[in-house]
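Residues per chain, in single letters:
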Amino acid sequence: MNKLAFTAAAAALAISGPASAAGTTWLVTEENVAGVQGAQGSWNVKKDGDKLSGDASMQMGNGAPLTYKVDGSVEGGVYTIKISDRTDGKKNCVWTGHAPTGAGAQSSGLLGYVECEGAKLIIRASIVQ
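Please read all numbers here as calculations on a predicted model, not as lab measurements.

Undergrad: Outline the pairing of strand 4 (residues 65-75), supporting the account with residue identities and numerical values.
TA: The alternating pattern of strand 4 places L66, Y68, V70, G72 and V74 on a buried face, while none of P65, T67, K69, D71, S73 and E75, on the opposite face, is buried. As paired elements, strand 3 (residues 51-60) and strand 4 share nine bridges and run antiparallel to each other. Counterpart to S57 in the pairing with strand 4 is T67. Looking at chain direction, strand 4 and strand 5 (residues 78-84) are connected through seven bridges and run antiparallel. Bridge assignment links V74 to a residue of strand 5, and that residue is Y79. The antiparallel hairpin formed by strand 4 and strand 5 contains two residues in its connecting segment, where G76 sits at a positive phi of about 60°.

Undergrad: Kindly report on the state of the cysteines, identifying the contributing residues and their values.
TA: In the structure shown here, the tally under the stated rule is one disulfide. At a sulfur-sulfur separation of 2.1 Å, the disulfide partner of C93 is C116. Here the disulfide of C93 and C116 is right-handed, its torsion about the S-S bond being about 115°. One end of the pair, C93, is in strand 6 (residues 93-98); the other, C116, is in strand 7 (residues 110-116), with 23 residues separating them in the sequence. Accessibility assignment for this pair places C93 and C116 in one class, buried.

Undergrad: If you had to explain the sheet that holds strand 7 to someone new, which residues and values would you point to?
TA: Reading around the barrel, the eight strands line up as 1-2-3-4-5-6-7-8 and close back on themselves, with antiparallel pairing between neighbours. Going across the sheet, the axis of each strand differs from the next one's by a mean of 30°, ignoring polarity. Alignment of strand 7 against strand 8 (residues 119-128), held across seven bridges, turns out to be antiparallel. The residue of strand 8 that forms the bridge with E115 is K120.

Undergrad: Outline the pattern of salt bridges, supporting the account with residue identities and numerical values.
TA: Summed over the entire model, instances satisfying the criterion amount to six salt bridges. Linking E31 and R124 is a salt bridge whose minimum nitrogen-to-oxygen distance equals 3.6 Å. Highlighted residues: E31 in strand 1 (residues 24-32) and R124 in strand 8, separated in sequence by 93 residues. We classify E31 as buried; its relative accessible area is 5%. The salt bridge involving D85 is made with K69; its shortest N-O contact spans 3.3 Å. One end of the pair, D85, is in the loop between strand 5 and strand 6; the other, K69, is in strand 4, with 16 residues separating them in the sequence. Judged by its relative accessible area of 46%, K69 falls in the partly exposed class. Residues participating in the shared-partner salt-bridge network are E30, R86, D88 and K90.

Calculation rules
- Residues numbered from 1 in each chain as written.
- Predicted model: local features only at pLDDT ≥ 70, side-chain atom pairs only at ≥ 80, totals over all residues.
- Heavy atoms only, no water.
- Buried < 20%, exposed > 50% of the residue type's maximum accessible area, 1.4 Å probe, protein only.
- Helix = DSSP H or I, 4+ residues; strand = E, 2+ residues; numbered from the N terminus.
- Pairing = 2+ DSSP bridges.
- Disulfide = S-S within 2.5 Å.
- Axes fitted to C-alpha atoms, helices over the stretch in contact; angles between N-to-C directions.
- Salt bridge = Lys/Arg side-chain N within 4 Å of Asp/Glu carboxyl O.

Geometric values such as these leave the question of function open.
Below, the structure written as structure tokens:
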């Protein structure tokens, strides 16, 4: 995964608010915690109050397609999203994402860890209105 290209694209996109009921596109990258290529693509997310739902259309580092469903909520700027029906077979995945914090946090977007059965991933997302 080309981290530089994603970072440049994420920097060019501003998060202008939460996902709407009509749906928004989130540009997303996944990688394992060791930095090995994962997948990149988009989530189509709809928001109803603090509830989120949608689907993902991703491409893995080897070129294979990856799709799955997302369902969760946002509270106090923290996104908790269950990822299900992954075509790569990962099970019981939950992503907890938030805006980067701490010294040197200059990126706009969301980041956080995904815990799955037998796997841990990092997801970075930028919300496009």
